[in-house]
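Given next are the chains, with one letter for each unit.
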Amino acid sequence: MQLTAPATRRTGIRDTDGMAVASFVLGLLGLLVLNIFLGPVAIVLAGVALWRGTKRRGRAYLGLALGVADLLVLVAFMQADSSISWSF
């Protein structure tokens, strides 16, 4: 006796697509706020999404690039202010 319908699509693919989009969004937000946290999270999410074979490879690569850019922005402002944080 089967209680649930068989899955037509693997949920893992949908999860990796979501990770790719989340990586892009977090990388974009990281350019504005909390780049010390959002940059590495975007990089990790993009890496996992690419490793699992997401269909949204472009978004994952953009998330990866934006995550790296977050860290580069942080380093640039740290050099300018000689501190760990930055402000406008």
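See the structure shown above.
Rules used throughout
- Sequence order sets the numbering: in each chain, residues are counted from 1 along the sequence as written.
- It should be noted that, the model being predicted, local features are given only for residues of pLDDT at least 70 and side-chain atom pairs only at 80 or more, the latter also being counted only at that level, while totals for whole chains, interfaces and linings use all residues.
- Hydrogens and waters are ignored; side-chain quantities use all the structure's heavy atoms.
- Within this scheme, the nonpolar core is defined by two criteria: the residues are buried Ala, Val, Leu, Ile, Met, Phe, Trp, Tyr or Cys, and they are joined through side-chain atoms within 4.5 Å.
- Accessibility here uses a 1.4 Å probe with only protein chains present; expressed as a share of the type maximum, an area under 20% marks a residue as buried, one over 50% as exposed, and anything in between as partly exposed.
- Secondary structure counts use DSSP, requiring at least four H or I residues in a row for a helix and at least two E residues in a row for a strand, with both numbered from the N terminus.
- By the convention used here, residues are in contact when the closest approach between their heavy atoms is within 4.5 Å.
- Axis lines are fitted to C-alpha atoms, over the contacting stretch for helices. Their N-to-C directions set the angle, which ranges from 0 to 180 degrees.
- Angle categories: roughly parallel below 35 degrees, roughly antiparallel above 145, roughly perpendicular from 65 to 115, and oblique for all the rest.
- Helix crossings fall into two classes, left-handed where the near helix is turned counterclockwise from the far one by less than a right angle and right-handed where it is turned clockwise.
- The patches reported here contain residues having more than 30% relative accessible area and no salt bridge. Joining distances are 9 Å for like charges and 5 Å for nonpolar side chains (Val, Leu, Ile, Met, Phe, Trp, Tyr).
- Calculation of accessible area relied on Shrake-Rupley with a 1.4 Å probe; when residues are assessed, cover is drawn exclusively from the protein chains displayed.
- The term salt bridge refers to a pairing of a side-chain nitrogen on Lys or Arg with a carboxyl oxygen on Asp or Glu at a separation within 4 Å.
- Helices are assigned an expected span. That span is 1.5 Å times one less than the residue count.

A word on the nonpolar core. Grouped together as the largest cluster of nonpolar side chains are five residues: Met19, Ala20, Ala49, Leu50 and Ala60. Among the elements of the structure, α1 (11–30) and α2 (35–51) are those that each provide at least two residues to this core. Residues within four places of alanine 60 in sequence aside, it is in contact with Ala20, Ser23, Ala46, Leu50 and Thr54.

It is worth spelling out the packing of α2 against helix α3 (residues 57–81) at this point. The geometry of α2 relative to α3 is characterised by a closest axis approach of 8 Å and an angle of 155° between their N-to-C directions. With respect to each other, α2 and α3 are oriented roughly antiparallel. Crossing handedness for the pair α2 and α3: left-handed. Along the contact surface, α2 presents Asn35, Ile36, Leu38, Gly39, Pro40, Ala42, Ile43, Ala46 and Leu50, while α3 presents Arg57, Ala60, Tyr61, Gly63, Leu64, Gly67, Val68, Asp70, Leu71, Val73 and Leu74.

So, about a nonpolar patch on the surface. The grouping of Leu32, Val33, Leu34, Ile36 and Phe37 at the surface amounts to a nonpolar patch, some 510 Å² of accessible area in total. Within the fold, leucine 34 resides in the loop between α1 and α2. Overall, the relative accessible area of 54% leaves leucine 34 in the exposed class.

Tracing the chain through its elements places serine 23 in helix α1. In this structure, serine 23 is in contact with Ala42, Leu45, Ala46, Ala60, Gly63 and Leu64, ignoring residues within four places of it in sequence.

It is worth spelling out α3 at this point. Here α3 spans 36 Å end to end across 25 residues, near enough to the 36 Å set by a 1.5 Å rise per residue. Within α3, the full set of buried residues consists of Ala60, Gly63, Leu66, Gly67, Asp70 and Leu74. In the stretch just after α3, serine 82 is the one whose phi turns positive, near 55°.

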